[in-house]
Amino acid sequence: PKVISEYNNKVILVTGAAGSIGSELAKQIAAFDPKKIIVLDQGETALHDIELHFKKQEHKCRSNFELIDVTNLEELSCVFETYKPEIIFHAAAYKHVPVLEKNYKQAIKVNVFGTLNCLNLAQQHGAKKFIFVSTDKAVNPTNIMGTSKRIAEMIAQNMFHTQESTSMEIMITRFGNVLGSNGSVVHLFKEQIALGGPITVTHPEVNRFFMTIPEACKLVIEAGAMGTGGHIYVFDMGKSIKIVDLAEKMIRLAGKIPGEDIAIEFTGLRPGEKLYEEVLTETSETMPTYHPKIVIAKEKEPNYTKEEIITLLQGFQTKSRKEMVTLLKQIVPEYQPEKIA
């Protein structure tokens, strides 16, 4: 199949490759017998763990493990210089919504400028393909994490459309919550059940889409193989489920009775959280692909070019939260932050 020939015998770089999505991507890609796979992450322990996994599995493919932060341009340049990756899967990101509401500068630093570093270096070193792992939280974002990912998407799209004839295919993939990923509600509920409860749910009506890690990664790899640049590929996440239903199911699976053995408490939505997640903007239409679970989102053209966005974000490190929110709203007009007193 196309997927195999696409990755076979290629030099492939995965950033954020020790994270829950990145590590599964690296493992699945290794099965396509690439020439070499570069596993890059800034988390020392997590990188060590995936290196042990690769050694144990004795993957035929050659793998290199790089402990590097994507916001460090000099060190990242060395990686591109040394390995000249042909295909880049960019999964490195900060993703925890409440953490990034407070630490908003890190969201911009890593999610926007880290992505920009990877895109620029990929282009300079003649990479053929760049697959950017985004999120459904970039759609009509209500939080800084989602907005930072949308800005990175805008930069990636603009770069694809304005590059010279030697074109690098730049693709974006968007999907929702992944079951069992780091920080997933499933881990939290398991711990709470083990302690005898209560299980905490933010709101009785809160709904989320879920997909398993292997399934999400398989679709990222498929989209990367089919990819013609400039598109945003959106995955069919199935039906959204109520978090309270998930909580009750997990209590029953543990052989307990919800509300009797284990209480469920509602704690209120956290900063930046939505009740319902959208996978596609209202305004965007979708076009089918040959894969039943992958569609292409037609986004409206961003108001700003890559250069204009970079100029607007200059000096973000010294901006107050209020200034930052105003600026993000200017770049992404559909960003609707919660009113924070």
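A brief report on the enclosed structure follows.

Each value, and the rule that gives it
Residues numbered from 1 in each chain as written. Predicted model: local features only at pLDDT ≥ 70, side-chain atom pairs only at ≥ 80, totals over all residues. Heavy atoms only, no water. Helix = DSSP H or I, 4+ residues; strand = E, 2+ residues; numbered from the N terminus. Buried < 20%, exposed > 50% of the residue type's maximum accessible area, 1.4 Å probe, protein only. Polar contact = N/O pair within 3.5 Å; in protein donor to acceptor, adjacent residues only side chain to side chain. Contact = heavy atoms within 4.5 Å. Salt bridge = Lys/Arg side-chain N within 4 Å of Asp/Glu carboxyl O. Arc of directions from axis to C-beta. Expected span 1.5 Å × (residues − 1). Pairing = 2+ DSSP bridges. Core = buried A, V, L, I, M, F, W, Y, C linked by side-chain atoms within 4.5 Å. Axes fitted to C-alpha atoms, helices over the stretch in contact; angles between N-to-C directions. Left-handed = near helix turned anticlockwise from the far one by under 90°. Nonpolar A, V, L, I, M, F, W, Y, C, P; charged D, E, K, R; others polar.

A few points about the side chain of asparagine 158
(1) Moving on: Its location among the elements puts asparagine 158 in helix 7 (residues 144-162).
(2) Moving on: Classification of asparagine 158 by relative accessible area gives buried; the value is 14%.
(3) Moving on: Looking at asparagine 158, its side chain comes within polar contact range of the main-chain nitrogen of lysine 306, at 2.8 Å.
(4) Moving on: Excluding residues within four positions of it along the chain, asparagine 158 makes contact with Thr305, Lys306 and Glu307.

Some thoughts on the pattern of salt bridges
(1) Moving on: One pass over the structure, following the stated rule, counts eleven salt bridges.
(2) Moving on: Between glutamate 222 and lysine 218 there is a salt bridge, and its shortest N-O distance comes to 3.9 Å. Separated by four residues within a single helix, glutamate 222 and lysine 218 lie in helix 9 (residues 213-226), roughly one turn from each other.
(3) Moving on: Residue glutamate 222 is classed as buried on the basis of its relative accessible area of 14%.
(4) Moving on: Across the salt bridge formed by arginine 270 and glutamate 273, the nearest N and O atoms sit 3.2 Å from each other.
(5) Moving on: Here the residues in one salt-bridge network are Arg150, Glu153, Arg174 and Glu334, joined through shared partners.

Description of the environment of glutamine 123
(1) Moving on: For glutamine 123, the position within the fold is in helix 6 (residues 104-124).
(2) Moving on: Remark: the alpha-carbon pair of glutamine 123 and methionine 159, spanning 36 residues in sequence, is separated by 9.5 Å.
(3) Moving on: In this structure glutamine 123 touches Met159, Gln163 and Met168, once residues within four positions along its chain are discounted.

Comments concerning helix 8 (residues 185-194)
(1) Moving on: Considered for burial, the residues of helix 8 that qualify are Val186, Phe189, Gln192 and Ile193. Down the axis of helix 8, the smallest arc covering the buried residues is 125 degrees, so these residues share one side. Structural note: helix 8 exposes Lys190, Glu191 and Ala194 on the side pointing more than 90 degrees away from its buried face.

Side note on helix 9
(1) Moving on: For helix 9, with 14 residues, the first-to-last C-alpha span of 20 Å sits near the 20 Å given by 1.5 Å per residue.
(2) Moving on: The element helix 9 is extensively covered by neighbouring structure, given that eleven of its 14 residues are classed as buried.
(3) Moving on: If you check which residues of helix 9 are buried, you get Ile213, Ala216, Cys217, Leu219, Val220, Ile221, Glu222, Ala223, Gly224, Ala225 and Met226.

A closer look at the pairing of strand 15 (residues 294-298)
(1) Moving on: Both strand 11 (residues 232-235) and strand 15 contribute to a ladder of four bridges, which runs antiparallel. Paired with valine 234 across the two strands is valine 295, which belongs to strand 15.
(2) Moving on: Where strand 14 (residues 285-288) lies against strand 15, four bridges are found, and the strand directions are antiparallel. Considered in strand 15, the bridge of threonine 286 is made with alanine 297.
(3) Moving on: Here strand 14 hands over to strand 15 after five residues, the two strands then running antiparallel side by side.

Let's talk about the nonpolar core
(1) Moving on: Among the nonpolar cores identified, the biggest contains 53 residues, and Phe130, Ile151 and Leu313 are the most heavily contacted of them.
(2) Moving on: Take this core: its biggest share by element is ten residues, from helix 6.
(3) Moving on: Once residues within four sequence positions are removed from consideration, phenylalanine 130 is found in contact with Ile88, His90, Cys118, Leu119, Ala122, Met168, Glu169, Ile170 and Met171.
(4) Moving on: Counting residues in each nonpolar core, the second largest holds 43 residues, with Ala26, Phe54, Val178 and Met211 among its members.

Considering the packing of helix 2 (residues 20-30) against helix 9
(1) Moving on: Their axes nearest at 9 Å, the elements helix 2 and helix 9 cross at an angle of 65 degrees. In terms of crossing hand, the pair formed by helix 2 and helix 9 is right-handed. Residue-level contacts link Ser20, Ile21, Glu24, Leu25, Gln28 and Ile29 of helix 2 to Ile213, Pro214, Cys217, Lys218, Val220 and Ile221 of helix 9.
(2) Moving on: Of the residues assigned to the contact of helix 2 with helix 9, the class counts are eight nonpolar, two polar and two charged.

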